[in-house]
Every structure is written in C-alpha cells, then in structure tokens.
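# Observations on the three-dimensional arrangement
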Amino acid sequence: MKFAYRFSGLLGTVYRRGNLSFTRDGSALVSPVGNRISVFDLKNNKCETFPLATRLNIVCVGLSPDGSLAILIDEEGAALLVSLIGKCVIHHFYFHKPVHSVSFSPDGKKFVITKDNVALMYHAPGRTREFNAFVLDKTYYGPYDETTCIDWTDDSKCFAVGSKDMSTWVFGAERWANLIYYSLGGHKDIIVACFFEENSLDLYTISQDAALCVWQCDTELDGLKPMPPKDAAREKNAAKNDEEFLEEPKGEEIHGKANPNERETRDKVKYSRVAKYFFNKEGDFNNLTSAAYHKKTHLLVTGFASGIFHLHELPDFNLIHSLSISDQRIASISINCTGDWIAFGCSGLGQLLVWEWQSESYVLKQQGHFNSMVSLAYSPDGQYIVTGGEDGKVKVWNTSSSFCFVTFTEHTSGVTAVTFTSNGYVILSASLDGTVRAFDLHRYRNFRTFTSPRPSQFSCLAVDCSGEIVSAGSQDSFEIFIWSMQSGRLLDVLSGHEGPISSLSFNPMKCVLASGSWDKTVKLWDMLDSWRTKETLILNSDVLVVAFRPDGKELAVAALNGQITFWDHENAVQTGSIEGRHDLQTGRKELDKITAKQAAKGKSFTTLCYSADGQSILAGGLSKFVCIYNVKEQILMKKFEISCNFSLDAMEEYLDRRKMTEFGSMALIDEGAGGEDGVAIPLPGVKTGDMSYRHFKPEIRVTCLRFSPTGRSWAATTTEGLLIYSLDSGLIFDPFELDIDVTPSNIRKTLHQKEYTVAIIMAFKLNEKKLIQEVMEAVPSNEVDVVCSSLPDLYVEKVLEFLASAFEISCHLEFYLIWAHKLLMLHGQKLKTRSVKLLPVIQFLQKSMQRHFEDVSKLCEWNIYNIKYALAISQQRGMKRLAEETSVDEDDLDSDSDYLMQEVHKDNFSS
C-alpha cells in the first residue's frame, strides 16, 4: 500500500476571520480559513484549499491587481508571498507587529500595510527574481492610534488611511508639491472604512457609530504637481546620508501633523465636508462593523453587528435595500469587479455568503459546524461525506466540489455518530437528545426516528451490511438498543455491559455485532442466535473504540492505556498489539502544570479505521498527529501532522518562556478592552461587561478518521475542520517490474507496430500516467476486445484503476466505457475470486461512472424533453413531421440513456 497521501482539501469550514477578496475576473472568491486560504470558484461551483499554511490564523489578505500574487499576513505580522497560479509560497517576511490591513496599488507597483499607528509602503514584488521581494519605500506617520483601513485612488497617486483615533489621513504615494499629507476629522468613533470616488480625490469616510462623511476636494487628480527638482534632490541626499549608517535601507519617512500652520497649508490641496449621513434610526445603537464600495456603480455596502447589511447609492445616500443575513456580526464584505456579487463573512458562525443584489438571490451560501465536528462517514461510492457536530447539525458534503449541499437540523443536542447504509441513500445519526434519526438523501427528509423506552443519551451507532438492523449504545443505562429500519420498531435491548458503551461495529461479512465498553470488555453478539453473547474479550483497560477489518476476519480495539490490540474474534484469540502512546506525541497546553511527556501517559487513541485493503490501520486522538500502522508487522509506517497552526492550543511540546511571567502564564490574562476580539474588562466598581465571557484557545484534536471506500483518500474531523488527504499520483515516479528495455521510445515503437497488448504492459511497467493514456487511446475501439482477452490477470487490476482515474478527467467517455465493459465481461469470474482485495478499485470505478451517469442522464432527459417540446410546437403550427422519424429519434436517445445505465451497473458483480 502506498503512503504518499498529501493534503488535498478542507471541508466543513468556509470562513474564520480576515478580509474576503474577489479575484481579478470576479468569478472566484478568496476566503481565509484559519491559517489556510480557500478559493471558491463560483462559476464552476468548486472549492479548493491551497496546500500551504501560515504559522498562526490569517488576519488579512492582499491580492495583486493582475491576480497572480497574494500576501497573507497572520496574527503576529508574519507574511507569506503566495503565487495563486502555482499555489506555492514564494517568499517569507516578518513585519514584527500585528498588521491591520494590506492593499496593492491599482497599477500593481506598490503595496501599503498598516500596523500600529504607521502606514508602510513597499515596492510590490515584480516579475524579476529578487533576493528580497519586500523593499520598503516610504513610512508614513500621522495617526495617534492604530490604523484600520486603506484605500487607493484609481491612478495610484494617493492613498487614504483610517485610524482608531477617529481621523482619516490622505497621503501622497509620491511627494506631491500640493499634497504630502492631509488629516480629516468629523467623526465620533473608530474609522471602519474610507473610499475614494472614481478618478477623483473626493473621499467617503465611515465610522463605527454608523456615520458617513462625504468630503470634497478642491483639486482633481491631474492637478497634483510634482515636487520641484531642487527640493526633491535635497530630500534624496538627506535620505542617502541616513542610509549610510544603517545596515538596510529604511526608506523615506513622512511625518504628518494634525494641525499644520498656515504657511504649510498655503497652495496645498483642501478638503471640505459636503454632507454627513447616519445609518441608524433615532434611538437605534447598531455598530457598523464592515463596509465595501464599488466605484463604477457608486454602490456602498455596509454590514452591522446585528447581522444586517444595507445597500446605498452614493453620493445621494439612497437606500436600495437592506437584509438580515445572520444573527452575528458581519466581519468582512467584498464586491466583485462587475458590482453584481457581494460576499459577506460572519466569523462568529463561520458563514460565507455571496449575494446577487439585483436579482436578490444567493450565489453561494455555506456554513460550517458552529462547534467542533465529532464524527464523519463516507458514502459507499466515496462521493459524499456526512459529518455530525456538537451543534446538533448533520451536514452532507460533496467530495469533488467540497460544498455542503444539505443540512439536517432535527437533532436538539450534539450528534455523537453518523453513518451511511450500504445503498448510500440513507444517513443515520445518533445524538445525546436520545434519538437516532434516519435521513433520506432522495427527498432530504427525516423519515424515521428511533427512540428507547426510557430516555437515554446515545454515544455510538452501527448499522449492519444489509441496512436493516440499526443499533445504538447508551452512555447512561449501559445498554445496546436494536431497531428494525423497515418498521422502526425496537427489536431488542442488549444488557450485559457494566459501563457506558463507547463503540459499536458490525462485521461486514457476518451477522455479528462488536460492542466496546468502559467496563474493560468487548462483547460479540450473534444476530442469528437471538442476540446471545457469542464471546467476551477481556482487556486491561477501558475500551474506547472497536473496528472490524473490511473482510470481517479481524477486530481492532483501542483502549485507554494507549494500546491497539488485534483479535481473531472467531477463536477469541489476541493476534497482536501496538503500543501507540509514544507515537501520539501530545503537546503541552498553555495552562498545563505538567510537561507534555508526563501528560502523554494519560492519552490514548480515540478513533480507529482500517484502510480499504485492510493491510493498514489509521489511528488518531488528542494530538496533532495521525498515525498509519501496518497491521501484519505492527509497526508505524507514517505519521501525518494535520496542523501547524499555533493559534490552537497543545501545539507546542514545550512552554514558550517568552509567555511566562513571575505571576504565571500570560494566557491567564484576558487582554483587550471590548474591541473586535478582546474581552470587555470593566473598570473597578462598574457592573457592566459579560463576566461569563472568556477568551480561550481551542485545543487541537482528531475526533474521527475514515478511509474512503476507493482507497485513494482518507478524511479526519479535527478542530480546524474536515481535512482530506489523498494520493497525489501525478508527481511520483513509481515503476512496476521495470526492465532495462522499457523506455518511452520503445513503447512508442511497439505501439507503431500495432502490438497493443505488449505496449500496454510496457506502459504500466514504466507507470507514467500520460504515457499510459497515450497508449490506451491509440488502441482502435474494434481491437479493445482482443487486447482485453490477451491481458495478463495482474494487469487487469491496473487497467481498471487507470480507467477509474481517467473517467474523472477524460472526455472520451464511450471509449473508456467500452474498455471497462470488455474487461469486466472477460475477466469477471477471475476478478470475483479476489473481490475483497479489488473492492476499492471497483468502487473507485463505480464512483467515476456514477458521476458521469448522473450528468449525462440529466442532459439526455433535458434534450428529450426539448425535442418533444419542439415537435409539439411545430405540429401546432401545422408543419408536417413524419411520426416515424420522431419515434426513431426518441428511441435512439432512450437507448443511449439505457446504455449508460447498463455500463454503470456492470461493475456491481462483486457486491
């Protein structure tokens, strides 16, 4: 089995904090998710998370105007320069202080960042390769408090910076003779946003108390005069003299004054306030939290702390419409280049919405689980993933698009377990509210609710391979309840355990149920023998999780002492064990009194999962590591570090001494004074402020692991969300039985001589995907039958695996269907004898075909209805059509649809 699994996607979390940005063409949205970024392609309905991460949560993202570069800055001011085309990190930089905002100039030559009360202008990374991509150009001083926002003029000559000291500053990107800096007041609260009017120096400023000031400038952009050559030369020399004594060029410094004297303001640009508008009605105190402005359409969008947004047309301040989209504060707003789509991010609930304001409809509406995810399950074909969370929601995700397409909210308490039935159209979920619910994926409804005679909290769930028997284990009554899916009746209550039931698992091949409990036993119940206890396996510690191997011949048990034991359940004999405690490598939490090494003695694996072929086992727990063990050799094969985000707790092995004081850890102190994320600390004697609110860091943990039935990927529910790791086969040279004669030129020569079978075998020996595709597609369709019959058994499996992956990307649908059909018809009987080993490949093939079948069948049906409609219209108009022709056309289309249906179900022989 290969272990080259790479991070391939993040589901279940769509937005955490930071600013949203649309790409240059306006069809994709870049959203910061923790310490990663996700790109939502709104036209193709797909989401992709880049395989790169910052050290802490991302707080601001700046996209270059050409759409090729992005600057990601985290909570401590560490920046990554990222290529959006290559999806890789180009450069690292550290700004030494937290950064509030970053913005590229419209011409792409400069970018400005704001930190503390300073604005820093850098030369933008160019197309030339440089040793240091970030070169400081100018430093702007002026505001007395922290800076909050930036906006540029259209010609990149000036930019405006808003501040927490209620002032807005306009700075010249160059030293203009009539504009170096200008300070604007007029507000009574923090400046949230400032925007220049299109091709003008006129300015709009918006403050947190929902007030808008309109500023008019007496000078046009063309009226900005360059500095006289003498003054410019004098300043350059002064700057050079300063730099001689410095190790690195510091750049030019511009110090602004809030109240310049008359001599300094003579012949300079002047601003006057034309109007002041208020968003809130009288007596309404709703804080404005974010804003965005589209210059071409003069559209202003403002978001509020109550989850309401307003659309206004400027400069007349006409309200177009307002809508409540959430009950949490809107943290970020962005408008795309055409001004049609508006993106909203709500960090409290992790919501991401894209709203088309003209048609008043959602383009995208996604939300992750409010609290952490607890469990997940793959559908039998690997196409969907269902997740259950502590917020009581059950969500279903599409693995190819990474979007959630249905959410079930019937549970009134946290969901503890979810699973699919074998047909893939029914989802079961167990909850602490005392119910097990069955959901239908055809009609998206809760069609069965299973309950116990006395209310009890269900901690685990299992369904047998036929999908008829549903079982759930109780935390408080120590019983296992058995229901019939068909009738919804309670069939039996299994008693015998003396502690809470921690895990249930049905044998995939036999009617046997394994149950693990905190009473240090695993019991095996025989369904055919009136649910009598077949065996009781006694362990040394509390049982946390049990899992059967896909062929049903082995049982894995993880216990509280950190051991994974393997059992031959037929003979009740232990066949092996793995001591996994040291592999977990738990970190030390900020407030822990003991070291990570000591804390690890009480840690264990809380989730287990066999790989699709049963040769390996995946294990995870209260740690940032996921381990893959070889079952036969009982050794650790690989460890995956699922997160490098130090914004989470228990990430470091040792305490950071810089955070320790003589009074203890700085983590004990609630910092902030009622700001964005800070805690409102009341003054002595003042009885305001929410005393129950505490700022805490979520702890890194893996709550559930599952292998995809296709064997190509595995998923983990973690503190960060639902992480998917898959085999990245495109970049790895992995030959198979390679000879010295097997070269690309020899393969092409053999192909030219029309020795197709030999060429295919040689191509698979070299195992280069593009070459295999070239050889396969060179085989004439009428020769496929002959080639398939002469293929050795060893290569049939490899061809099937290639076909499954080729279906996902190739447009030669019928050609590859012929290949799959012939292979399965000619080698079906031989493959059936190895069905357990081949099952992942067959399921991978079925998943690929099923997806195409759904797409093509919809298209065929649509075409049939359109043709019927066109015929009906033409007959009404009196145009003559031969009935025979129409029926032939319809029959052809129907037969095409039937043919596809047949092809999809031809691989079901193994089930």
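Residues numbered from 1 in each chain as written. Predicted model: local features only at pLDDT ≥ 70, side-chain atom pairs only at ≥ 80, totals over all residues. Heavy atoms only, no water.

### Looking at the overall build of the chain
Worth spelling out the cut-off: By the criteria applied, helices consist of DSSP H or I runs no shorter than four residues and strands consist of E runs no shorter than two, each listed in order from the N terminus. Note on classification: 1.4 Å probe, protein chains only; a residue is buried when its accessible area is under 20% of the maximum for its type, exposed when over 50%, partly exposed between these limits. Should any heavy atoms of two residues lie within 4.5 Å, those residues are considered in contact. For the area figures, the Shrake-Rupley method with a 1.4 Å probe applies, and any residue is considered shielded solely by the protein chains shown.
Regarding its fold elements, the chain presents 12 helices and 59 strands. Counting every position in the chain, which comprises 911 residues, the buried fraction comes to 52%. Residue pairs in contact within the chain that sit at least 24 positions apart in sequence constitute 50% of those at least 6 positions apart. By element, 50% of the accessible surface of the chain is carried by carbon and sulfur atoms, the whole surface being about 43100 Å².

### Regarding the sheet that holds strand 45 (residues 521-526)
Whether parallel or antiparallel, the strands of a sheet pair through hydrogen bonds between backbone atoms. Note the following rule: By this definition, two strands are paired if DSSP reports at least two bridges between them. In this analysis, axes come from line fits to C-alpha atoms, helices being fitted only over the stretch in contact, and the angle between any two N-to-C directions falls in the range 0 to 180 degrees.
Read across the sheet, four strands follow the order 43-44-45-46 without closing on themselves; strand pairing throughout is antiparallel. The outermost strands of the open sheet, each flanked by one partner alone, are strand 43 (501-506) and strand 46 (532-538). Mean inter-strand twist for the sheet, computed between neighbouring axes without regard to direction, equals 20 degrees.

### A short note on the nonpolar core
Just so we agree on the cut-off: The definition of a nonpolar core used throughout is a set of buried Ala, Val, Leu, Ile, Met, Phe, Trp, Tyr and Cys residues joined through side-chain atoms within 4.5 Å.
Membership of the largest hydrophobic core comes to 44 residues, with the highest contact counts inside it found for I760, V799, L800, L803, W819 and L823. Counting residues per element, the ones that place at least two in this core are helix 5 (744-752), helix 6 (756-766), helix 7 (769-778), helix 8 (784-790), helix 9 (793-809), helix 10 (813-833) and helix 11 (835-876). Discounting chain neighbours no more than four positions away, the residues touching L803 are M776, Y816, W819, A820, L823 and L845. Counting 23 residues, the second largest nonpolar core, distinct from the first, contains L10, V626, I628 and M651.

### A word on the pattern of salt bridges
Which entries qualify depends on this criterion: Here, a salt bridge means any side-chain nitrogen of Lys or Arg that lies within 4 Å of a carboxyl oxygen of Asp or Glu.
Inspection of the entire model under this criterion finds 20 salt bridges. Where D137 meets K110, a salt bridge forms, and the shortest distance between an N and an O atom there is 3.2 Å. With D137 in strand 13 (residues 135-141) and K110 in strand 11 (residues 110-115), this pair connects stretches of sequence that are 27 residues apart. A salt bridge links D440 to R443; the nearest nitrogen and oxygen atoms lie 3.3 Å apart. Classification of D440 by relative accessible area gives buried; the value is 8%. One network of salt bridges, in which partners are shared, links K110, D137, K138 and E174.

### Considerations on unusual backbone geometry
Between L314 and P315 the backbone carries a cis peptide bond, its omega angle lying at 5 degrees. Located in the positive-phi region is A210, a residue other than glycine, with phi close to 65 degrees. Its place among the elements puts A210 in the loop between strand 19 (203-207) and strand 20 (211-217). Using a relative accessible area of 1% as the deciding quantity, one classes A210 as buried. If you check the backbone angles, A572 has positive phi at about 55 degrees while not being a glycine. Relative to the assigned elements, A572 resides in the loop between strand 49 (563-568) and strand 50 (573-579).

### A closer look at the side chain of S38
Just so we agree on the cut-off: Whenever a nitrogen or oxygen atom comes within 3.5 Å of another N or O atom, the pair is scored as a polar contact, on the condition that within protein one atom can donate a hydrogen and the other can accept it, and that pairs from neighbouring residues in sequence are kept only if both atoms are in side chains.
Summarising the element assignment, S38 is placed in strand 4 (residues 36-41). On the accessibility criterion, S38 (0% relative accessible area) is buried. For S38, the side chain forms a polar contact with the side chain of T49, separated by 3.0 Å. Look past the residues within four positions of S38 in its chain and what remains in contact with it is L29, V30, S31, V33, C47, E48 and T49.

### A short note on the confidence of the model for the chain
Where we set the bar: Per-residue confidence from the prediction method is given by pLDDT, with values spanning 0 to 100.
Looking at the chain, the pLDDT average stands at 84 and 88% of residues meet or exceed 70. Scored below 50 in pLDDT, residues 672-679 shows 16 contacts in the model against residues more than four places distant or in partner chains.

### A look at the sheet that holds strand 57 (residues 702-707)
Across the sheet, four strands lie side by side as 1-59-58-57; this open sheet has antiparallel pairing. Strand pairing shows two members of the sheet lacking a second neighbour, strand 1 (5-11) and strand 57, which therefore form its edges. Neighbour-to-neighbour, the strand axes of the sheet open up by a mean angle of 20 degrees, direction not taken into account. Two strands pair when backbone bridges link them, and strand 57 and strand 58 (residues 713-718) are joined in this way by five bridges, in the antiparallel orientation. Bridging across to strand 58, C704 finds its partner in T717.

### Quick word on the packing of helix 7 against helix 9
When two helices pack together, their arrangement is given by the angle between the helix axes and the distance between those axes. We apply this condition: Roughly parallel covers angles under 35 degrees, roughly antiparallel covers those over 145, roughly perpendicular covers 65 to 115, and oblique covers all other angles. Charged means Asp, Glu, Lys or Arg here, nonpolar means Ala, Val, Leu, Ile, Met, Phe, Trp, Tyr, Cys or Pro, and polar covers whatever is left, Gly included.
Where helix 7 contacts helix 9, the axes come no closer than 12 Å and their chain directions differ by 95 degrees. Between helix 7 and helix 9, the crossing angle belongs to the class labelled roughly perpendicular. On the side of helix 7, the interface is formed by K769, I772, Q773 and M776, while helix 9 contributes V799, F802, L803 and S805. When grouped by side-chain class, the residues that make up the contact of helix 7 with helix 9 number five nonpolar, two polar and one charged.

### Describing the pairing of strand 42 (residues 490-494)
Looking at chain direction, strand 41 (residues 480-484) and strand 42 are connected through four bridges and run antiparallel. Counted as the bridge partner of F481 is V493 from strand 42. If you look at the hairpin formed by strand 41 and strand 42, you'll find five residues sitting between the two strands, and G488 has a positive phi there, around 80 degrees.

### Some points on the pairing of strand 50
The pairing of strand 49 with strand 50 spans six bridges and is classified as antiparallel. Of the residues in strand 50, the one forming a bridge with I564 is I578. Turn length for the strand 49-strand 50 hairpin, with the two strands adjacent in sequence and antiparallel, is four residues, and the turn residue A572 shows positive phi of about 55 degrees.

### As for the environment of S459
Following the sequence through the fold, S459 ends up in strand 39 (residues 458-463). For S459, a relative accessible area of 14% translates into the label buried. Taking the C-alpha atoms as reference points, S459 and T416, separated by 43 residues in sequence, lie 5.6 Å from one another. In this structure S459 touches T416, G473, S474, Q475 and I501, once residues within four positions along its chain are discounted.

### Focus: the side chain of D165
Relative to the helices and strands, D165 is located in the loop between strand 15 (158-163) and strand 16 (168-172). For D165, the side chain forms a polar contact with the side chain of S163, separated by 2.9 Å. Look past the residues within four positions of D165 in its chain and what remains in contact with it is P143, Y144 and D145.

### Section: helix 5
Residues lying three or four places apart along an α-helix face the same way, a consequence of the helix completing one turn every 3.6 residues. Note the threshold: Read the arc as the range of directions from the helix axis to the C-beta atoms.
Listed in full, the buried residues belonging to helix 5 are I747, T750 and L751. Angular distribution of buried residues about the axis of helix 5 spans 100 degrees; they occupy a single face of the element. Facing away from the buried side of helix 5 by over 90 degrees, the exposed positions are S745, K749 and H752. Contacts made by the buried residues of helix 5 are with helix 6 and helix 7. Trailing helix 5 by a residue or two, K754 shows a phi angle of about 65 degrees, which is positive.

### What about the packing of aromatic side chains?
Spelled out, the test is: Each pair of aromatic rings taken from Phe, Tyr and Trp, with Trp reduced to its six-membered ring, is defined by centres within 6.5 Å and is described as stacked if the planes are under 30 degrees apart, edge-to-face if over 60, and tilted in the remaining cases.
Tallying each qualifying case throughout the model produces 43 aromatic pairs. Look at F40 and F403: their rings are 5.9 Å apart centre to centre, the planes differ by 20 degrees, and that puts the pair in the stacked class. In this pair, F40 sits in strand 4 while F403 sits in the loop between strand 33 (394-398) and strand 34 (404-408), placing the two residues 363 residues apart along the sequence. What makes F40 buried here is its relative accessible area of 1%. Look at F403 and you get buried, because its relative accessible area is 5%. For the ring pair W714 and Y725, a centre distance of 4.7 Å and an interplane angle of 5 degrees mean the geometry is stacked.

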